[in-house]
Amino acid sequence: MKNLSETWFAEGYIDFELKKYTLLAYLQEVNKCFTENRLYPQLADIIFHFNNLIAFRENKKFLQEHFPKKLSGTQLQKLELLYEKMIEDDELMKELEDIINYSANTMKSTISNGAEIYEFVEDKLIISPVGIIPLDINEGYFFLSGNSYSDTRVYYYRLSIFEKHDEKYRSIKTAYVDMWRRSIGTTYEHIKSELIRNRTELPNPAVYCIETELTFPVEETLLPIAKRTLVKYITAQAA
């Protein structure tokens with residue numbers, strides 16, 4: 001997919017029509033992915049660029065607060081230098097403002113389309129515990145079953161807490177473990193027992209199954225949304 005740089009809107013020749021063409025070419029590819037129900041990494045990427053535009057428009061100092069992980073020190077310095085250079089040129093600043101306003105408004109529609117797909121998929125996910133859940137639910141496994149319920153992907157997960165702007169958030173790291181084909185004898189409980197027997201580093205793991213009737217792409221849609229939904233589910237259970 002065609003990618004935009006962090007400062008695409010202010011790089012090179014700053015011309016409204018040129019930047020509009022660049023943006024529309026990017027959005028065409030993003031919308032194509034959304035039409036095919038492939039959300040990630042496209043949805044996260046366009047949200048980043050939208051927030052970047054808004055932050056640049058409102059105050060360059062917001063960039064460091066909004067994107068401490070996404071922008072390196074060199075990239076942040078580059079944005080600040082661009083900002084300082086442009087505010088000295090009224091005509092250039094007006095052109096840039098037009099570019100930013102148009103781009104932000106145009107991106108909103110695409111983001112809305114992606115968000116609708118996300119919410120649709122999230123609403124179709126059913127999460128339930130497998131067996132007894134231990135007190136420590138920050139580490140364990142989850143099973144992901146799509147339209148073919150017999151095919152079950154097994155993932156290891158670990159939750160951690162990080163702070164940002166004095167707020168605490170949960171993040172999740174996952175790793176693919178194996179694929180199981182469920183049957184009368186190979187139930188979720190059986191898979192859990194086999195995991196405990198073969199992976200002794202987790203003798204009493206929390207295990208959840210996530211099911212859906214959808215046939216959407218796993219890596220680009222079902223898995224990313226399942227991970228985020230599981231975080232919300234576990235956080236609610238722990239509250």
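Structure report, in brief.

The rules behind each value
Residues numbered from 1 in each chain as written. Predicted model: local features only at pLDDT ≥ 70, side-chain atom pairs only at ≥ 80, totals over all residues. Heavy atoms only, no water. Buried < 20%, exposed > 50% of the residue type's maximum accessible area, 1.4 Å probe, protein only. Helix = DSSP H or I, 4+ residues; strand = E, 2+ residues; numbered from the N terminus. Pairing = 2+ DSSP bridges. Core = buried A, V, L, I, M, F, W, Y, C linked by side-chain atoms within 4.5 Å. Salt bridge = Lys/Arg side-chain N within 4 Å of Asp/Glu carboxyl O.

Remarks on the pairing of strand E2 (residues 139–145)
Counting buried positions along E2 gives 6 out of 7 residues, so the element sits mostly inside the fold. Relative to strand E5 (residues 206–211), E2 runs parallel, the two sharing 6 bridges. Looking at E5, one finds that Leu144 is bridged to Ile210.

Some points on the nonpolar core
Membership of the largest hydrophobic core comes to 50 residues, with the highest contact counts inside it found for Phe9, Met107, Phe142, Tyr157, Tyr208 and Leu230. Mapped by element, the contributors of at least two residues to this core are helix H1 (16–35), helix H2 (42–58), helix H5 (90–123), E2, strand E3 (151–164), E5 and helix H7 (218–238). The element that contributes the greatest number of residues to this core is H5, accounting for 10 residues. Membership of the second largest hydrophobic core comes to 12 residues, among which are Val130, Tyr141, Trp180 and Tyr188.

Quick notes on the pattern of salt bridges
Following the criterion strictly, the structure yields 9 salt bridges and no others. Residues Glu122 and Lys232 are paired through a salt bridge, measuring 2.8 Å at the closest nitrogen-oxygen approach. Here the residue Glu122 occupies a position in helix H5, and Lys232 occupies one in helix H7, the gap between them amounting to 110 residues. The closest approach of N and O atoms between Arg197 and Glu194, which form a salt bridge, is 2.6 Å. Placement of the pair is Arg197 and Glu194 together in helix H6 (residues 188–198), with a separation of 3 residues, close to one helical turn.

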